[in-house]
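Structure assessment
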Amino acid sequence: MTLAMETKTFRVPRWLKRHETLLAIILLIALFGLGLLNDRFLTLDNLLNQGRLMTEIGLIALPMTFVIITGGIDLSVGAIVGLCAIMLGYSWKIFGFPLPLAIVFSLFVGALAGFINGLVITRVKVPPLIMTIATLALYRGLAEGISQAHSVRGYPEWFYFLGQGSVFGVPTQLLVLLVLIVIAGIVLDRTTFGRALYAIGANETAARFSALSVDRVKLVVYTLSGLASGLAAWVLVSRVTTTRMDMGIGYELDVIAAVVLGGTSIFGGSGTIWGTVIGLVMIQLLKNGLALTGVKGDATIVVIGVALILSVLIASSLQRRRD
Amino acid sequence: MKTSLLTTTAAAMFALSFTAGGASAAGKWDGADDLPTSPLACDASGAAAPAAAKPYDGGQPTNAPDKAGKEITVVDVPKLIGIGYFNATSKGMQDAAKELGNVKVTTDGPTEAKIDEQIKFIDNYITRGVDGVMFAANDPVAIAPVLKKALSKGIHVVGYDANSTPDAREWFVNQAEFNGIGKSMMDSMAKEIGEDGSFAIVTSTFTTPNQARWIAEMQAYTEKCHPKMQWLETVEAQEDNNLSFNQATTLINKYGDKLKGLFGMTSVATPASAEAVTKAGQCGKIAVVGLATPNAMKPYVNADCVKSVVLWNPVDLGYAATYVMRAVADGKLKPGATSVEAGKLGKLSVVNGSEILLGPPFIFNKDNVTKFDF
């Protein structure tokens with residue numbers, strides 16, 4: 001009779017092996033480490049302030065997650081921010097719209113810009129990369145041409161509440177971002193629309209043959225991307241109290257870095273809002289923590305780059321193990 | 001159905017852009033700001049109408065800790081780091097810090113002249129807790145909220161080179177009177193290309209405060225004293241070397257023989273324009289006048305491509321800014337003061353309420369350019 005040795009193998013729970021969890025753990029370690037190096041870093045004041053500064057990128061990163069999950073990309077978001085910022089000021093000063101109407105108008109312009117992206121991508125079948133590179137130049141050029149480089153300043157006091165005010169101590173725009181994060185997370189996780197995004201990203205032809213309205217879904221996500229850029233433009237103008245035609249330059253790279261760092265595959269088919277949020281927070285707090293510790297500006301960019309590469313390596317090694 | 005939707009959308013988009021473009025084509029943009037100008041007299045005396053003394057219009061810090069005589073840590077956030085001009089101002093600050101003995105100055109800033117990045121740098125230093133912030137603004141209005149935040153935390157704020165709105169800083173060290181620069185630039189150009197020559201301007205961006213001020217003053221002075229000179233175009237080059245070169249070359253190709261002179265409004269644009277003129281083989285045919293550091297212009301001045309370079313001493317500018325910061329921290333420079341002691345520069349006078357004047361602009365030419373090393 002053999003004595004059966006009962007071996008108890010310790011199985012790592014699945015949720016621990018997810019990319020997002022690993023990222024969250026790295027984030028906590030980094031926060032802790034930076035907090036040790038600098039006593040101003042983990043103060044509520046600083047963290048809330050960083051929340052304020054990361055809102056513009058965060059707002060755009062939410063629909064960008066949707067776009068990348070479908071296997072597309074939107075490089076024109078920075079230019080749309082610039083265009084909407086200009087249209088906000090321009091329609092208020094030159095067209096004479098009352099300021100609330102000017103705000104709505106600039107959001108509409110953002111949505112329209114995204115809609116045009118989506119339209120050409122779905123109807124004319126131009127690859128998203130090409131189309132959004134083209135509209136990046138087009139929308140930036142429109143912003144320059146319309147504004148003729150005039151800045152618009154002198155907004156009324158109430159306008160600055162979004163960008164510079166706080167509600168119960170929390171920066172206003174951060175509250176808006178938090179609400180939208182929750183909504184985006186629910187949409188992605190619990191609705192058929194969210195499910196359709198994953199399906200389209202995993203296999204677009206199969207999705208089409210499964211009677212999913214692929215074109216309509218894509219149109220919606222690109223429009224949302226443009227709309228979010230318009231919202232980010234509103235927050236930005238409110239925060240810096242002026243409009244400039246070079247606003248938003250480079251945003252697309254920051255947004256995509258946050259989304260990819262959060263575990264969304266650039267090839268589409270996987271990704272979560274939760275991951276994007278962690279990626280966003282990680283980049284912002286890394287930059288801030290390093291700057292507070294005395295690391296000079298250019299070196300923080302190096303660190304962000306290294307973090308991005310490490311994240312992609314971790315994600316791909318997890319992917320390989322899963323397969 | 002699908003095609004008509006696409007064509008209508010495309011048509012609507014084009015229509016929108018054309019109407020928008022057309023609506024704004026009315027006002028031709030030339031790089032000047034909208035503030036009032038005060039051109040100097042046309043003759044060599046260059047005397048301006050005496051301006052009434054303006055009351056102090058700067059901001060003040062709240063509950064600034066008393067650091068009289070004690071060591072202070074100051075951060076300098078220029079428009080961007082890595083160009084000769086701000087390396088020179090930084091050197092001046094380090095010289096002053098060494099002389100004073102109780103000032104520690106760090107220069108840190110974005111690698112591109114972007115206002116959003118500059119705001120983030122200043123914000124981080126506020127959180128770190130410095131005693132003073134010195135800045136050269138990329139945008140006068142956008143930088144104001146973060147500077148006011150610094151003031152509210154008891155941090156002293158002194159600007160140099162490019163101003164912010166007056167209430168966002170305590171003092172601004174102005175390198176030269178804006179109308180003085182306007183006069184020097186236009187007089188130098190008129191001397192080289194004649195009273196009916198035509199010129200173009202290469203600037204940083206249309207909203208950078210100091211360049212916009214200088215162009216506005218140049219315009220006013222030209223209308224007053226050189227009315228027959230023709231301004232062709234102003235282009236932006238963002239303090240980027242390559243872009244300045246490309247823009248200057250484009251201007252040369254676009255206007256051909258009509259272009260007689262190029263203005264470089266930044267220390268990056270002027271050598272790049274001189275290079276463009278040299279590469280196009282137009283040395284001596286197209287005059288290049290502008291603001292630049294002597295080192296950058298030595299090859300062109302020695303080759304007789306550029307006759308004169310207008311500047312002030314940026315090393316002195318950084319030096320003076322540091323002395324002003326020390327005087328403010330010591331409580332020796334209060335609102336309403338009419339002058340401040342600035343070490344080897346002597347007594348500098350307060351003009352325009354809260355600006356401290358470095359002195360008249362300096363003209364570098366073939367005779368003296370070799371004497372300087374910055």
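Residues numbered from 1 in each chain as written. Chains lettered and ligands numbered in written order. Predicted model: local features only at pLDDT ≥ 70, side-chain atom pairs only at ≥ 80, totals over all residues.

1. Comments concerning the overall build of chain B
Test applied: Helix and strand assignments follow DSSP, with helices taken as H or I runs no shorter than four residues and strands as E runs no shorter than two, numbered in order from the N terminus. Exposure classes come from backbone-placed C-beta atoms, where a residue is buried if 20 or more other C-beta atoms lie within 10 Å of its own, exposed if 12 or fewer do, and partly exposed in between.
In terms of helices and strands, chain B carries 10 helices and 14 strands. By residue count, 53% of the 374 residues in chain B fall in the buried class.

2. Observations regarding the sheet that holds strand β9 (residues 287–291) of chain B
All names here are of chain B. Quick note on the threshold: One bridge is not enough; two strands pair if DSSP finds at least two bridges between them. Comment: axis = line fitted to C-alpha atoms, over the contacting stretch for helices; angle = value between 0 and 180 degrees taken between N-to-C directions. Residues are defined as contacting one another if the C-beta atoms placed from their backbone atoms lie within 7 Å.
What the 6 strands build is an open sheet, ordered β7-β6-β8-β9-β10-β14; its pairing is mixed. Both edges of this open sheet fall to β7 (230–236) and β14 (362–365), since each of them pairs with a single strand only. When the angles between neighbouring strand axes are averaged without regard to direction, this sheet yields 20 degrees. Here β9 runs beside strand β10 (residues 308–311); their pairing, made up of 2 bridges, is parallel. Residue L291 lies in a different strand from β10, and its bridge partner there is V310. Across the sheet, helix α7 (residues 241–255) lies against β6 (198–203), β7 and β8 (261–264), angled at about 160 degrees from β6, the strand it touches most.

3. Observations regarding unusual backbone geometry
Backbone geometry places A211 of chain A, a non-glycine residue, at a positive phi of 65 degrees. Take A211 of chain A: it is sitting in the loop between α9 (204–209) and α10 (214–240). Residue class for A211 of chain A comes out exposed when judged on the 7 C-beta atoms lying within 10 Å of it. Its identity is not glycine, yet D161 of chain B carries a phi of approximately 65 degrees, on the positive side.

4. Some remarks on the nonpolar core
Inclusion rule: A set of buried Ala, Val, Leu, Ile, Met, Phe, Trp, Tyr and Cys residues, joined through C-beta atoms within 7 Å, is what we mean by a nonpolar core. Segment limits for the domains were obtained from an automatic or database-derived domain assignment.
Within the largest apolar cluster, 203 residues are counted, with the highest numbers of intra-cluster contacts made by L83 of chain A together with V173, A320 and V324 of chain B. The element best represented in this core is α10 of chain A, accounting for 14 residues. Split by domain, the residues of this core number at least three in each of domain 1 (72–175 + 314–359) and domain 2 (178–311) of chain B.

5. Things to note about the domain arrangement of chain B
Residue and element names in this part refer to chain B. To keep it simple, the criterion reads: Each residue gets one label: Ala, Val, Leu, Ile, Met, Phe, Trp, Tyr, Cys and Pro are nonpolar, Asp, Glu, Lys and Arg are charged, and the others, such as Gly, are polar.
Segmentation of chain B into domains returns domain 1 (72–175 + 314–359) and domain 2 (178–311). Relative to domain 2, the C-alpha centre of domain 1 lies at a distance of 28 Å. Residue-level contacts link 14 residues of domain 1 with 12 residues of domain 2. Its residues placed into classes, the side of domain 1 that touches domain 2 shows 8 nonpolar, 3 polar and 3 charged.

6. Here we look at the interface of chain B and chain A
Tallying the contact residues gives 31 residues for chain B and 26 residues for chain A. The class makeup of the residues in the side of chain B that touches chain A is 13 nonpolar, 12 polar and 6 charged.

7. Observations concerning the packing of helix α4 (residues 99–123) of chain A against α10 of chain A
Residues and elements named next belong to chain A. The cut-off we apply is this: Should the near helix be turned counterclockwise from the far one by less than a right angle, the crossing is left-handed, whereas a clockwise turn marks it as right-handed.
Close contact between α4 and α10 brings their axes to 7 Å; oriented N to C, the two are set at 150 degrees. Read as a crossing pair, α4 and α10 show a hand that is right-handed. When the residues that make up the contact of α4 with α10 are grouped by side-chain class, the tally is 15 nonpolar, 11 polar and 2 charged.

8. Concerning the pairing of β6 of chain B
On a regular strand, each side chain points to the face opposite its neighbour's, so the side chains alternate between the two faces of the sheet. Residue and element names in this part refer to chain B. The line we're drawing: Handedness of a crossover is defined as follows: orient the strands so they point away from the viewer, and if the path from the first strand over the helix to the second runs clockwise, the crossover is right-handed.
In terms of burial, β6 is a largely internal element, 5 of the 6 residues being buried. The pairing of β6 with β7 spans 5 bridges and is parallel. Directly across from T203, in β7, lies its bridge partner E236. Handedness of the crossover is the feature at issue here: the chain leaves β6, passes through helix α6 (residues 209–225), returns alongside β7, and the resulting connection is right-handed. Pairing between β6 and β8: 4 bridges, direction parallel. Residue pairing for β8: V202 is matched across the bridge by G264.

9. Some points on the sheet that holds strand β11 (residues 339–341) of chain B
All names here are of chain B. Strand order in the open sheet formed by 8 strands is β2-β1-β3-β4-β5-β13-β12-β11, with mixed pairing between adjacent strands. For this open sheet the edge positions go to β2 (103–107) and β11, each flanked by a neighbour on one side alone. Put simply, the sheet's adjacent strands are angled 25 degrees from each other on average, direction ignored. Lying on the sheet, helix α2 (residues 84–100) is in contact with β1 (72–77), β2 and β4 (156–160); it crosses β2 at an angle near 165 degrees.

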